[in-house]
Amino acid sequence: QVQLVESGGGLGHTGGSLRLSCAASGRTFSRKTMGWFRQTPGKEREFVAAINWSDGRTYYADSVKGRFTISRDNAKNTVYLQMNSLKPEDTAVYYCAADYAPNRVVISTLPLSYDYWGQGTQVTVSS
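Report on the accompanying structure. (Residues numbered from 1 in each chain as written. Predicted model: local features only at pLDDT ≥ 70, side-chain atom pairs only at ≥ 80, totals over all residues. Heavy atoms only, no water.)

## As for the overall build of the protein
- Scanning the protein for helices and strands turns up zero helices and eleven strands.
- By its C-alpha atoms, the protein is 45 × 25 × 25 Å across when sized along the principal axes.
- Counting only residues that meet the buried cut, the protein has 43% of its 127 residues in that class.
- Restricting the contact set of the protein to residue pairs at least 6 apart, pairs at least 24 apart contribute 58%.
- Carbon together with sulfur atoms contributes 50% to the accessible area of the protein, which is approximately 6400 Å² in total. (Helix = DSSP H or I, 4+ residues; strand = E, 2+ residues; numbered from the N terminus. Buried < 20%, exposed > 50% of the residue type's maximum accessible area, 1.4 Å probe, protein only. Contact = heavy atoms within 4.5 Å. Areas by Shrake-Rupley, 256 points an atom, 1.4 Å probe, with all protein chains shown as cover.)

Below you can see the structure in the form of structure tokens.
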């Protein structure tokens, strides 16, 4: 059993910054990857960023590359998404996810690859 809880969402402004946090509890020792996804009404869930828990390798969607940074705090079992240079199109519900696939060797951008999900946190970016 794994629980993921996001926090840090809210109202941002174009060009501003927000930092999202995802705290993990429960069975966390075997996780492979922690990722962030986002979703807007009528659209499928979209990959944003992910980090390999073991070696810290990161991967970003082209839409956020250079603006967002994913990081982890091993001691706190927490992953962060630092969102800089916000744009209105960043508005979405952001979800934290954990990939526990035992044979996963690379970061996946597919939602189906992730086993646990947080409840989501709304991010709204005003013009």
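## Considerations on the state of the cysteines
- In total, this model carries one disulfide according to the counting rule given.
- Each sulfur of the disulfide joining C22 and C96 lies 2.0 Å from the other. Given an S-S torsion of about -80 degrees, the disulfide between C22 and C96 has left-handed geometry. Here the residue C22 occupies a position in strand β3 (residues 18-26), and C96 occupies one in strand β9 (residues 92-99), the gap between them amounting to 74 residues. When sorted by exposure, C22 lands in the same class as C96, which is buried. (Disulfide = S-S within 2.5 Å.)

## Digging into the pairing of strand β7 (residues 68-73)
- Examined bridge by bridge, β7 and strand β8 (residues 78-83) share six bridges and lie antiparallel to one another. Residue pairing in the sheet places D73 in a bridge with T78 of β8.
- Here β7 folds back onto β8, and the loop between the two strands holds four residues, one of which, N77, carries a positive phi near 50 degrees. (Pairing = 2+ DSSP bridges.)

## A few points about the pattern of salt bridges
- On inspection of all chains with the given rule, the structure shows four salt bridges.
- Between R38 and E46 there is a salt bridge, and its shortest N-O distance comes to 3.1 Å.
- Residue classification places R38 among the buried positions, given a relative accessible area of 6%.
- The salt bridge involving R38 is made with D90; its shortest N-O contact spans 2.9 Å. Residue R38 is located in strand β4 (residues 33-39), and its partner D90 is located in the loop between β8 and β9; the two are separated by 52 residues in the primary sequence.
- Given a relative accessible area of 0%, D90 falls into the buried group.
- Taken together, the salt bridges that share partners define one network made up of R38, E46, R67 and D90. (Salt bridge = Lys/Arg side-chain N within 4 Å of Asp/Glu carboxyl O.)

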